[in-house]
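Topology and contacts: notes
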Amino acid sequence: MRRILSLLLSAGAIACAAHPTQPPPVPVIALSSQTVSFVATAGAASPAAQPVTITNGGTGTLSGLAMGTITYGTGQPAGWLSASLNATIAPATITLLPSTGSLAAGTYTASVPILAGASGVTNSPQSVSLTLTVLPVTTLTATLASAGQSTAFLSTPNVSASLTVQAGSQYLIAVVNTYPSYAVSEGFSLTGSFGPTVAAQRVAIPPAAPASAAPRPTFEIGGPPPSLDALAAAEQNHAAMLEANRQIFARNGNPSAAWAVARSQAGRAAPLSASFVPVSQTVGTVNKVYVRTSLGGDCTTVDSIGARTVAVGQHVIVLADTNTSTGTFAWPNSLRPDSAWYQTFANEYDQITYPHIVANIGNPIAYDASLSHIGKITVTITAILNHFPGAGNGSSIVAFVNGCDFFPFAASGPSADMSNQTEMFYSWVPGSAGYKVADWEAALRATAAHESKHIVSYTNRIMNNSPSFEEIWLEEGLAQESSEIWERNFNQATWLGNATFAQTVACEISLGANAPCDIANNKPYALLGSHLPFFFQYLQSESSTNGEGLGLDTPANYGAGWTIARWATDQYANGSEATFIKSLINDPTLTGLNNLAAHTGQPIPLLLVYWNLATAIFQTPAYTSADTRTTIPSFNFADIFNTGQTKLTCSGVPCGLFTKSGTPIYPIQPIAVSAAGTFAKTVSAVPGTSASFFLLTAPSAGIESLQLLTPGGAPLSAASALRVAILRVQ
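The paragraphs below set out a description of the structure included in this document. Numbering of residues starts from 1 in every chain and runs along the sequence as written. Given that this is a predicted model, residues contribute local features only at a pLDDT of at least 70 and side-chain atom pairs are listed and counted only at 80 or more, while totals for whole chains, interfaces and linings are drawn from all residues. Think of the side-chain values as coming from all heavy atoms in the structure, minus any hydrogens and water.

A separate point is empty space enclosed by the protein. Put plainly, a pocket is an open set of points on a 1 Å grid over the protein atoms alone with protein on both sides within 12 Å along at least five of seven lines, a cavity is a set where a 1.4 Å probe fits but cannot get out, and a lining residue has an atom within 4 Å of a point. Grid points are joined across faces, edges and corners, and a volume is the space filled by probe spheres set on the points. Summed over the entire model, instances satisfying the criterion amount to 6 cavities of 30 Å³ or more. Computed from the structure, the largest cavity encloses a volume of approximately 230 Å³. Lining the largest cavity are 20 residues; nearest its centre among them are Glu235, Val398, Thr447, Gln480 and Ser530. Of the residues belonging to the lining of the largest cavity, the class tally is 10 nonpolar, 8 polar and 2 charged. Space inside the second largest cavity adds up to approximately 60 Å³. Leu242, Arg246, Ser457, Tyr458, Arg461, Phe469, Glu470, Ile472 and Glu475 are the residues that line the second largest cavity. Helix and strand assignments come from DSSP, with helices taken as H or I runs of at least 4 residues and strands as E runs of at least 2, each series counted from the N terminus. Secondary structure elements with two or more residues in the lining of the second largest cavity: α2 (228–252), α5 (437–463) and α6 (472–487). Polar here means any residue outside two lists: the nonpolar Ala, Val, Leu, Ile, Met, Phe, Trp, Tyr, Cys and Pro, and the charged Asp, Glu, Lys and Arg; Gly therefore counts as polar.

This paragraph deals with the pattern of salt bridges. Any carboxyl oxygen of Asp or Glu that lies within 4 Å of a side-chain nitrogen of Lys or Arg is treated as forming a salt bridge with it. In this structure the tally under the stated criterion is 11 salt bridges. Between Glu475 and Lys453 there is a salt bridge, with the nearest N and O atoms lying 3.0 Å from each other. With Glu475 in helix α6 and Lys453 in helix α5, the pair connects residues that are 22 residues apart, well separated along the chain. Take Glu475 and Lys453: they sit in the same class, and that class is buried. As a salt-bridge pair, Glu484 and Arg488 come within 3.4 Å of each other at their nearest N and O atoms. One exposure class covers both Glu484 and Arg488, and it is buried. Because the salt bridges share partners, they merge into one network encompassing Glu481, Glu484, Arg488, Arg566, Asp570 and Glu577. Each residue is placed in one exposure class: buried if its accessible area under a 1.4 Å probe, protein chains only, is under 20% of its type's maximum, exposed if it is over 50%, and partly exposed if it falls in between.

Right, let's get into unusual backbone geometry. Across residues other than glycine, the phi torsion is negative in most instances, and most of the peptide bonds are trans. Put simply, Ser124 and Pro125 share a cis peptide bond, and its omega is 5°. Looking at where Pro125 falls in the secondary structure, it is placed in the loop between β8 (106–115) and β9 (126–135). With an omega of -5°, the peptide bond running from Thr663 to Pro664 counts as cis. In this structure, Asn465 takes a positive phi of about 50° despite not being glycine. As for its placement among the helices and strands, Asn465 is situated in the loop between α5 and α6. Positive phi outside glycine occurs at Thr689, with the angle close to 80°. Along the chain, Thr689 turns up in the loop between β25 (679–687) and β26 (691–698).

Here we come to α6. Helical periodicity: at 3.6 residues per turn, an α-helix aligns residues three or four positions apart in one direction. By this rule, a helix spans an expected 1.5 Å times one less than how many residues it contains. The end-to-end C-alpha separation of α6 is 22 Å, in line with the 22 Å expected for 16 residues at 1.5 Å each. Of all 16 residues that make up α6, 16 are buried, and the element is covered over most of its length.

Turning to helix α11 (residues 604–614), a few remarks are in order. Burial analysis of α11 places 10 of its 11 residues in the buried class, the great majority of the element. All of the buried residues along α11 are Ile604, Leu606, Leu607, Leu608, Val609, Tyr610, Trp611, Asn612, Leu613 and Ala614.

On to the packing of helix α4 (residues 339–360) against helix α9 (residues 577–585). Here, axes are lines fitted to C-alpha atoms. For helices the fit covers the stretch in contact, and angles between N-to-C directions go from 0 to 180 degrees. Following both chains from N to C, one finds α4 and α9 inclined at 75°, their axes separated by 8 Å at the closest point. As the angle between them shows, α4 and α9 are arranged roughly perpendicular. On α9, the residues that touch Val358, Ala359 and Asn360 of α4 are Ala578, Ile581 and Lys582. In terms of residue class, the contact of α4 with α9 is built from 4 nonpolar, 1 polar and 1 charged. In these notes the angle categories are as follows: under 35 degrees is roughly parallel, over 145 is roughly antiparallel, 65 to 115 is roughly perpendicular, and the rest is oblique. Contacts between residues were defined by any pair of non-hydrogen atoms, one from each residue, lying within 4.5 Å.

What follows is about the side chain of Ser466. Relative to the helices and strands, Ser466 resides in the loop between α5 and α6. Other than its neighbours up to four places away in sequence, Ser466 contacts Arg461, Asp587 and Pro588.

Working definition: a disulfide is two cysteine sulfur atoms within 2.5 Å of each other. Here the structure, examined in full by the defined rule, presents 3 disulfides. Disulfide partner of Cys299: Cys404, at an S-S distance of 2.0 Å. Residues Cys299 and Cys404 are joined by a disulfide whose S-S torsion is about -80°; by sign, that bridge is left-handed. Residue Cys299 is found in the loop between β16 (286–292) and β17 (302–312), and its partner Cys404 is found in the loop between β20 (399–401) and β21 (424–427); the two are separated by 105 residues along the sequence. Residue Cys299 shares its accessibility class with Cys404, and that shared class is buried. Disulfide connectivity for the protein, with bonded cysteines indexed by sequence position, reads 1-2, 3-4, 5-6.

The mixed open sheet is built from 5 strands, whose spatial order is β11-β28-β13-β26-β24. In the strand order of this sheet, the two ends are held by β11 (150–153) and β24 (671–674), each with one partner. Here the strands of the sheet are splayed against their neighbours by 20° on average, with no regard to which way each runs. Against the sheet, α11 touches β11, β13 (169–177), β26 and β28 (722–728), its axis set at about 135° to β13. A pair of strands is treated as paired once DSSP finds two or more bridges between them.

Shown next, in the form of structure tokens:
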């Protein structure tokens, strides 16, 4: 028995040894942040409070929480900071609230000690350091005595403006994010002493046409235009091909270096690879042509086709894919133009398109000595583009230039490149996006002016040994400007001529016997093919969702890109469109907005503010702008959109040209505010390069105050890219 008892006692001793006495708890003060920053404007509202959370980063209970005495920077004012603690046991929150009061502009610092009386705390006290930056007051005044006058606040985002208004007047306010990339968005709150705070709503403003304006006839559209949705996908793939070309040049280097290597290896100075056969200039000859089939990959991702020489001009060769019946890429005879049309196209290229390119854009065959020595542009028409294998945003591409064609042909090896070694662009065939043969013929004529511009761009950048190629939106914008200028040979538009619907769109579509321009319905299809509808679409999206910005998507590239290039040309070409456009295309190093800024002599924020104000088309203005920078003088977009949305019928039923319903009439729908009290309108995010628009209506005369703040109501950082412009519109 004694032995059993001894064993039990021993076991108990072992059990006790396995559970030693626990150490005492060690609470630790943990802060969500040890530094807090505030920004305010002198004399304006104090910034919003900021919380700092206190938690227990150790064990046990963190209790006895308290704040010590706030200390302020040496020699600085005291008492501008209040702090409150909501609990004495963690978790707890300390709320910090500065009061700018009469503080002058400058930087102020303070420190708030956090103490804990709990037993075992080893890191008490801790401190929260604060910085308060008080920006100088920027009080701006504006008196816009009559409609058409404008002002822009470009020096600071912290706008506090006093606007003198007259009874019955209206003002368009543009808040522009001047950051040069759509990828960076910024929100804001626009406040003023105009009315009760209400949720922002967008209103359609009725057209304010001059009282003397005569009623205009309604036109019956002879047939629906091609599908814009399908065309948008094809155009997006075109832009994707431009980006793919940028990547090829970035990866493979300048083609001139590749040609030097190829010639040194061949031991001769001839421009062509020994195994390469150039395009034939004999009509009827079938040529072997390599057609790129991917938006990615390298220069060997091609399909080899037989393309017959169907027309030859002084400056152009036209090739047509011979596949009429086999597989996906067949181009059936039913979708082919009359064989004589090809030579008609070539003749027009010689007589109109090529002279236009040389005069207004540049020399498209300047690099020809390193390529085919043919001295002509080649146009290859193939159904591969209608069913493009590598397209990710739709199955087709309207047209493209292949950057690989500027490199030497190499069938294999590390520098393999199935190059056609000539200045060539590729076009789809009729059938896609609702394009009938006649539509396709009309569109290809203008496409030639667009694609030839791309050839000039590549040629110039190669010969200038440029480190990079143009940004997509400006490359496309200038190509759109090329086809727009070319179209003047067939419509009634002129440079700085304020062209209307009757002088532009009416020259491209069949409007019946009363058509003001293209009665014979045989003019080319350009502005209505992409320029105008994508511009309308861009503005509508920008206005309704703040979802746009230069380079973001197809409307941004083809609509907005065109109008900023056109606006810059109208404002800063100084008497010569050609000289200005060529300076942009031929710049060896600059791209995008930096290119525009250098050749206009204007800072990027100014360019973006005035271009956005000029494109804020929400009514038919009954005034003349005092500052032409708030307009695009070459076009009367208000008339084009108003007529296109309200004066057309389809099979006898009213229809719109830019939206099926005909609404909205104008693409911009500004947020309405009233000068009758106070208001606060918040916009959560505006992408860089774009704007948000407001329409202020003043029922009575007086001084109205406007202030631009963060979405939370605090002053904007001095680094903010937001700027404000105001245009009196009534």
